[in-house]
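# Remarks on the overall topology
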Amino acid sequence: MLPPLSPAVVRHLVYPFYRGVRKDKVLSILEELEDNQWLSKEQIEEIQWRKLKRLLNYVSIHIPYYRDFFRKRGIKPDEIENPTDFMKIPFLTRNVIAENSSSLVTGDPLIQGYASSTGGSAGDPLYFYCDLAAGPIRRANTIRQFRYAGIDIGDRQLRLWGGHLDRTRKEGIAGRIKNYFNNIRFLSSFDMSDEAMRKYAYIEHSFKPSLIVAYPSALALLSNFCKRKALKLHKPKVIITSGEMLYPEQREIIEEVFSAPVFNRYGSRQFSNIASECKQHKGLHSASDLCVVESIHKSGRLAKNGEMGELVVTDLSNYYMPFIRYRTGDFAVSTDRVCGCGRGLPLLEKIEGRSFDTIRTPEGKSVGGSFWTRLSRVVPGINRFQIEQKGLNGINFRIVPGPEWKDDFKSVLEEKIRTNCGDNFNVTFLVVDDIPLAPSGKSRFIIPNIEEKLVIKSKIHKANVTAVEPDLNDCLRIDKELMELADIAEYEKVLIVDATNGVRLETFAVKSPGGKGEIVACGAIAKQLSTGDEIGVMAFTWSREKDCNFSNILVDRENKFERYLTELPGQKI
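Predicted model, so just to flag it, every value in this text is computed and none were measured. (Residues numbered from 1 in each chain as written. Predicted model: local features only at pLDDT ≥ 70, side-chain atom pairs only at ≥ 80, totals over all residues. Heavy atoms only, no water.)

### Quick notes on the environment of Lys208
- Looking at where Lys208 falls in the secondary structure, it is placed in the loop between α9 (194–207) and β5 (211–214).
- Here Lys208 falls in the partly exposed class, since its relative accessible area comes to 42%.
- Among residues more than four places away in sequence, those in contact with Lys208 are Arg156 and His234. (Helix = DSSP H or I, 4+ residues; strand = E, 2+ residues; numbered from the N terminus. Buried < 20%, exposed > 50% of the residue type's maximum accessible area, 1.4 Å probe, protein only. Contact = heavy atoms within 4.5 Å.)

### Regarding the packing of aromatic side chains
- The final tally for this structure, using the stated rule, is 15 aromatic pairs.
- A centroid spacing of 5.6 Å and a plane angle of 80 degrees characterise the contact between Phe128 and Phe323, whose relative ring orientation is edge-to-face. Of this pair, Phe128 sits in strand β2 (residues 127–131) while Phe323 sits in the loop between β11 (308–315) and β12 (326–334); the two residues are 195 residues apart in sequence, bridging distant segments of the chain.
- Summarising the aromatic geometry, the rings of Phe271 and Tyr326 are spaced 5.9 Å apart at their centres and angled 55 degrees between planes, so their arrangement reads as tilted. (Phe/Tyr/Trp six-rings, centres within 6.5 Å; stacked < 30°, edge-to-face > 60°.)

### Considerations on unusual backbone geometry
- Of note in the backbone geometry, Arg325 takes a positive phi value of approximately 55 degrees without being a glycine.
- Turning to its location among the elements, Arg325 is positioned in the loop between β11 and β12.
- Not every positive phi belongs to a glycine, and Lys462 is a case in point at roughly 60 degrees.
- Structurally, Lys462 can be placed in strand β20 (residues 453–464).
- A relative accessible area of 42% means that Lys462 is categorised as partly exposed.

### Here's the deal with the domain arrangement of the protein chain
- When cut into domains, the protein chain gives domain 1 (7–354), domain 2 (359–447) and domain 3 (453–564).
- Here the C-alpha centroids of domain 2 and domain 3 sit 39 Å apart. (Domains from an automatic or database assignment.)

### What to know about helix α4 (residues 64–73)
- Listing the buried residues of α4 in full gives Tyr65, Tyr66, Phe69 and Phe70. The buried residues of α4 occupy an angular sector of 125 degrees when projected down its axis, which confines them to one face. Residues of α4 that are exposed and point over 90 degrees away from its buried face: Arg71 and Lys72.
- Summarising the contacts, the buried residues of α4 are in contact with α3 (41–62) and α6 (94–99).
- After α4 finishes, the residue Gly74 shows a positive phi value of roughly 65 degrees. (Arc of directions from axis to C-beta.)

This is how it looks when you write it as structure tokens:
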């Protein structure tokens, strides 16, 4: 193994020479991004909005999916003038991409792209395309975020990450040469055996990296192993965790063992790096000069300061297959706080994990990953764990034991779980030798392979709000004949999706006299709906069946029944 290069040589000679050969303008883009971060919030928003308007104009011409949307809705991109207008554009989801992949790709011959996919740790992989011209922008943004932590081009990096299983042998050799000249060493998170981790500790100590980049689960596992075995490690300047939810307990053990601060970073294969901590460690700066990050409250509106919402991201650089208002399935807490570091880039207060990282109880309670990671430290001897749910009534709790583990600890854990999840919540403990990693090389702590799935059973399609009554109790009053046709029970919880203003609301349904077509918004929901708004009204149920009855009715402008639409949930109208 050749000795590492001097960071100064890489920074001032090797890297500029390579970028010059590539002619990709990474360094000039980096200079622009560095300047952007110190602008005011208003100036950054102006940059963001200018790029968004350009993207919307482009997709309305070159992307069939969005061209059809604008035409059918009678909307012109120039009419989208603020965040509320922007919410008129429908969410992009994994299913939408799978069903419309060809119509989401540009017909512009001047734009080049390449195929990519997610690792599949959230379930089935997502296959999509990236814009070739966006690569230098993403690389520059990564360097900018490294500099948040005091790391620069050429500093030695050790990466504990998932390997590229689709690389050819030739690509693998080229990658190793490239990594050498960038002062980067890779360790595979696919192999976290004791033998491999002992080797990783030796490499880390001898390579002496300034930066370690890793999945938090893999680095926490390595940290615990090195602590137990009292292995000697080099103290890096910085550790950056990404690719998974970082839990407080993981940050604690990593910082303890490596004696270095952890910087949390949030990103995805679709967008690269979206947000990252600075040295203040009080939130993550989103790269809002490169993307639009919306935090959507469960009601469908933008989340307010301090509220949790699902992150919906728009990539402002991918013109080949634009991701506009893509639902990530990740959740974060919003904030309008200004960071003490002086950057104008907005903050996410904290990342709260993914929608699939929760266990559900029969009473409808969701128990997130933080509970289970804390639980794993209540008793000694749990080296690794995994929670799998196959039914609402309980879980399988897999444990890879350490020397301190005792079977008596099961009762302690079970008591804690039932206190939190209910007396009738069943726990089956499985003490195993190993827990396989996900295809991406990540650890899955929570696997909600629940047999019962929440499916739509009822829908009133294209209904119209006939009146609003804000002084009445919160509910949606619906013509009783429509409720019967749509199989909606009185006082049943319903979801309202307003096609006019994009709002999503939850309330309960109350019968109104039949035959008049009344749909009246009452109470709190009346403040977000207006008379004449076109809405969809949906009700859901838990089911173990692949197919279930779906009462999906279409009504006319007077809310009179016209016909049934589909027989099964998910079928196209």
